[in-house]
Amino acid sequence: MTQDKKTDHTEGLGRRSMLKALAGIPVLGALGFETFRKFNYDAQNDSRKQIIRELGLEDLAASVRKVTNTQGDLIRLGMVGWGLRGPQLAQALGFNERAAFEQKLAQQASNGNNALKSQMEHGNFNVAITGICDVFDQHAEKGLAIAQHDIFTGGDIARKNPVKRYRHYQDMLADPAIDAVIIATPDHHHAQMSIDAAKAGKHVYCEKAPIHREDEIQPLYDAVTNSGVVYQMGHQIPQNAVFQQAREIIKRGLLGKISQIETTTNRNFRHGAWIRHLTDDGLPKPGDAQSIDWGQWLGKAPKVPFSIRRFYSWARYFDYDTGLFGQLFSHEFDAVNQLLKLGIPSQVTASGGQYFYTEFGDIPDVLHTAFEYADYGTTLTYSANLTSAKRRPRTIYGRDASMTVGENLTVTPDRQSERYAGLLEKGLVDPSRPMLQISKGAKLTDATDAVTSASVQYYASRGLTSTYIDGIEWNVVSLHLKNWLDCIRHGGKPSSNIDMAYQEAIVLAMADISYREQCRTAWDAQNRKIVRL
Amino acid sequence: MNTQTNISKWQYGWLVTLRFLIGWHLLYEGIFKFLKPEWSSYGFLDGSQWVLAGVADWITSSSAVLNVVDQLNTWGLIAIGLGLILGLFTRAAAIAGAILLGLYYLFYPPLVGLTPSAPMEGNYLIVNKNLIEAAMLALIAVSPAARMYGLDSLFARKVTS
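Quick caveat, the model's predicted, so the values are computed rather than measured. (Residues numbered from 1 in each chain as written. Chains lettered and ligands numbered in written order. Predicted model: local features only at pLDDT ≥ 70, side-chain atom pairs only at ≥ 80, totals over all residues. Heavy atoms only, no water.)

1. Considering the confidence of the model for chain B
Rules: The predictor attaches a confidence to each residue, and that confidence, scored 0 to 100, is pLDDT. Where helices and strands are cited, they refer to DSSP runs of H or I of at least four residues and of E of at least two residues respectively, numbered from the N terminus.
With 90% of its residues at a pLDDT of at least 70, chain B reaches an overall mean of 85. Here helix α7 (residues 152–160) of chain B is the element of chain B with the lowest mean pLDDT, 66, and helix α6 (residues 129–142) of chain B is the one with the highest, 95.

2. Details of the sheet that holds strand β10 (residues 378–385) of chain A
All names here are of chain A. In plain terms, the rule: The pairing criterion is simple: DSSP has to find at least two bridges between the two strands. Every axis corresponds to a line fitted to the C-alpha atoms, with the helix fit spanning only the stretch in contact, and the corresponding angles, defined between N-to-C directions, vary from 0 to 180 degrees.
Taken in spatial order, the ten strands of this open sheet run β14-β13-β12-β11-β7-β10-β9-β8-β17-β18, and their pairing is mixed. In this open sheet, the two edge strands, each paired with only one partner strand, are β14 (436–438) and β18 (529–532). Each neighbouring strand pair of the sheet contributes to a mean axis angle of 15°, computed without reference to strand direction.

3. Examining the domain arrangement of chain A
Residues and elements named next belong to chain A. Let me state the cut-off plainly: As used throughout, domain bounds are those supplied by an automatic or database domain assignment. Put simply, buried area is how much 1.4 Å-probe accessible surface two parts lose in total, over both of them, once they are put together. Throughout this description, the term salt bridge denotes a Lys or Arg side-chain nitrogen within 4 Å of a carboxyl oxygen of Asp or Glu. Polar contacts, as used here, are pairs of N or O atoms within 3.5 Å; protein pairs need one atom able to donate a hydrogen and one able to accept it. Residues neighboring in sequence count only if both atoms are side-chain atoms.
Domain annotation for chain A reports domain 1 (75–238) and domain 2 (239–276 + 313–532). Note on domain 1 versus domain 2: buried area summed over both sides is about 4,500 Å², and carbon and sulfur give 64% of it. Summed over the three residues of domain 1 that lose the most area to domain 2, namely Gln236, Ile237 and Pro238, the buried surface amounts to 18% of that side. Applying the counting rule to domain 1 against domain 2 returns two salt bridges. One salt bridge in this structure joins Asp512 and Arg213, with 3.4 Å as the shortest N-O distance. At the junction of domain 1 with domain 2, the criterion picks out 28 residue pairs in polar contact (both at pLDDT 80 or more). Contributing elements (two or more residues each) for the side of domain 1 that touches domain 2: β1 (75–80), α4 (85–92), α6 (115–122), β4 (180–183), β5 (203–207), α11 (217–227) and β6 (231–234). At six residues, α11 tops the list of elements feeding residues into the side of domain 1 that touches domain 2.

4. Comments concerning the pattern of salt bridges
Evaluation of the coordinates by the stated rule reveals 23 salt bridges over all chains. A salt bridge links Lys426 of chain A to Glu54 of chain A, with the nearest nitrogen and oxygen atoms 3.6 Å apart. One end of the pair, Lys426 of chain A, is in helix α16 (residues 421–426); the other, Glu54 of chain A, is in helix α3 (residues 47–55), and 372 residues separate them in sequence. Here Lys33 of chain B and Glu29 of chain B are joined by a salt bridge, their closest N and O atoms 2.7 Å apart.

5. Some remarks on the interface of chain A and chain B
To be explicit about the condition: Contacts: residue pairs with any heavy atoms within 4.5 Å of one another.
The interface is formed by 24 residues belonging to chain A together with 29 residues belonging to chain B. Interface area, chain A with chain B, both sides summed: about 2,200 Å², of which 73% is carbon and sulfur. Joining chain A to chain B, the criterion identifies zero salt bridges. Run the count over chain A and chain B and you get one residue pair in polar contact (both at pLDDT 80 or more). Counting only elements with at least two residues in the side of chain A that touches chain B, the list comes to α1 (2–21), α2 (24–44) and α17 (444–449) of chain A.

6. Digging into the side chain of Glu216 of chain A
Operational definition: Think of it in three bands: residues with accessible area under 20% of the maximum for their type are buried, residues over 50% are exposed, and the middle band is partly exposed, with areas taken using a 1.4 Å probe on protein chains only. Two residue types count as positive, namely Lys and Arg, and two as negative, namely Asp and Glu; His and chain ends fall outside the count.
Following the sequence through the fold, Glu216 of chain A ends up in the loop between β5 and α11. For the buried Glu216 of chain A, which has no salt bridge, the nearest side chain bearing the opposite charge is Lys300 of chain A, at an N-O separation of 4.5 Å.

7. Concerning the environment of Asn126 of chain A
Residues and elements named next belong to chain A. Of note, Asn126 is situated in the loop between α6 and β2 (127–133). Asn126 sits 359 residues away from Leu485 along the chain, and the two C-alpha atoms are 9.5 Å apart. Once residues within four sequence positions are removed from consideration, Asn126 is found in contact with Gln71, Gly72, Asp73, Leu74, Ile75 and Arg489. Polar side-chain contacts of Asn126 include one of 2.8 Å to the backbone oxygen of Gly72.

8. Notes on the sheet that holds β1 of chain A
Remark on secondary structure: sheet strands pair via backbone hydrogen bonds, oriented parallel or antiparallel. Residues and elements named next belong to chain A. Read across the open sheet, the six strands follow the order β3-β2-β1-β4-β5-β6; overall the sheet is parallel. The open sheet has two edge strands with one neighbour each: β3 (164–166) and β6. Here the average twist between neighbouring strands, direction ignored, is 25°. Two strands pair when backbone bridges link them, and β4 and β5 are joined in this way by four bridges, in the parallel orientation. Paired with Ile182 across the strands is Tyr205, a residue of β5.

9. Focus: helix α12 (residues 241–251) of chain A
Of all eleven residues that make up α12 of chain A, nine are buried, and the element is covered over most of its length. Residues Ala241, Val242, Phe243, Gln244, Gln245, Ala246, Glu248, Ile249 and Ile250 of chain A constitute the buried set of α12 of chain A.

10. Some words on a nonpolar patch on the surface
The test is simple: The residues that make up patches have over 30% relative accessible area and no salt bridge, and they are joined within 9 Å when like-charged or within 5 Å when they are Val, Leu, Ile, Met, Phe, Trp or Tyr. Accessibility throughout is a Shrake-Rupley quantity obtained with a 1.4 Å probe, and a residue counts as covered only by protein chains that appear here.
Together, Val112, Leu125, Ile126, Val127, Leu131 and Ile132 of chain B make up an exposed nonpolar region whose accessible area comes to about 550 Å². On the secondary structure map, Leu131 of chain B appears in helix α6.

11. Observations concerning the pairing of strand β11 (residues 395–398) of chain A
Residue and element names in this part refer to chain A. Here strand β7 (residues 258–266) pairs with β11 via four bridges, running antiparallel. Opposite Ile261, over in β11, you have Ile396 as the bridge partner. Sheet analysis places β11 next to strand β12 (residues 401–405), joined by three bridges and oriented antiparallel. Residue Thr395 lies in a different strand from β12, and its bridge partner there is Thr404.

12. A short note on the pairing of strand β17 (residues 521–524) of chain A
All names here are of chain A. In this structure, strand β8 (residues 347–353) lies alongside β17, joined through two bridges in antiparallel fashion. Pairing of Gln347 across the sheet is with Ala522, part of β17. The pairing of β17 with β18 spans four bridges and is antiparallel. The residue of β18 that forms the bridge with Ala522 is Val531. As consecutive antiparallel partners, β17 and β18 are separated by four residues, and within that stretch Arg528 has a phi angle of approximately 50°, a positive value.

13. Overview of the side chain of Lys208 of chain A
Residues and elements named next belong to chain A. Within the secondary structure, Lys208 sits in the loop between β5 and α11. No salt bridge is formed by the buried Lys208. Its closest oppositely charged neighbour is Glu207, at 5.0 Å. In this structure the side chain of Lys208 is engaged in a polar contact, spanning 2.9 Å, whose partner is the backbone oxygen of Gln327. Residues contacting Lys208, with those up to four places away along its chain left out, are Asp187, His190, Gly234, His235, Gly326, Gln327, Ser330, His331 and Glu504.

Right, here's the structure in full:
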């Protein structure tokens, strides 16, 4: 009996101890239950999801073009111009000086940036740079070093496809060993080189702007369309995933009637005003009349003695460029034209002046331009300032909502919108903040890793550097080059094709004439001529 | 077991309650971060001031490091929260929790002259809720009573018998 009693007692104790030991389980259960309830509730009441449902944008991500892996046959490229842009384009194709590449790879590995590694994995478009052309020996030699080292095979491509330097671009165009050319020279050569290339049957990727002067527009258009070569202008923005979604949102009419489009440039540093002939120490950069073929560099431009300032800071002179219009507004126009298909304006008025960087050159550093689209019932404005870095987003104003689009995209409902009156009344959307926001990257840091200089920051903010498609970060320039290469191999029209270039060329010439000749300009569609008013 | 006799039933009860409450708080923080993959400590670390600002800069300067820190933080919170609620490895969980909360404190201490980059829900000078919670976990770590309503007590019994 006593034995039994004792056993009962300890069993009771054991059970109680066991229950005590498990006291945390109901707490845990309660937490689990409440967490489930909370996440369920939040999912059902997620205002972002509700808004997307109301706007009918659940399938928006499908509007982003997939990056297909269509390598195809080898394309042998000739590249003209190895100043600043040439090496960047080569890099976008996976060609990089060996030492610079190794240094950059190590640097990226230490700060967790995967851009180069990702390019090594996904960015081989099966091209070889077999032709180099530059009027400056030093730049041409740099080009040779770059072309000889690809990041995919460590140089095998160049070993199989030797690189050759041409003194004159005409010699390169005459060589059957070149399939296509990339033109990254100062703007006053763009049209003539593109025309000659098209006539020689070479496909053309030409940096913006497509032309320098009015009289080049029609010959360029005719030469390219008659030759059947694939022409792509160097605007990378259509490849940006955020941008493709913006196009879809506009196409679905979510902004309502669009009454104004505002494009801007704001930067505040000498390099950004194209003062580029001095090193960081204030000394002139290399190059002289012996190492630079000055006559070829000038081309059809007025004959002037050799000038290192003109050679590097050419974008400051109307003799070789159209300043802000050709250099930066061209990107803005392409962006807007890709989004809205505005085409050629009915009238253009420009005004501004050179008020700050007055040492040399003749381009303005403050500039305002209005492009009237009477048929469309809207005005495109371009406001540029090279002495203030205060950013102003590219904005499209509609009666129902306004959109900002650059690296990120926002859509904000209008206070007076009829379309969104119901949503506004319910309080689901608010005119003081965006109802839709699409950001570039997955995590915040991915966007900031790459940002290094003021110039890079400017381009990033306009959506001109990189984009994410299916989780892979792409340099948008690589995608733009790929778009051109895909069309060469498989047919089709590239994003910034000759029709887009034609419209852009007219718009740029109208703006340039309006500023330089201080008049309003209009487009005479019948006679295909710009009219001074 | 001897120390237990020095403690009243109420003290005992509140210590265990405290353990559950802090465990709940930390576990939910961990679960929240786990269930929201877009969550990142970037925003928190980016505004860090005082002695750990340099460490925060180093972490945020690289997405790889940041990712590791985010994972460690999420799973650390989950493990500590589970330990406190279940009373499993309670002392280790309490010490780890105190250290983690101490780190949060040091990334953002409310000292004179430091201005928080994000608005806070209260007003603090030197002492804030992170510091108090860290101190409470230290109390739990040194108090054997707080371990009693938990799985640790089963192991303790086995050893003594």
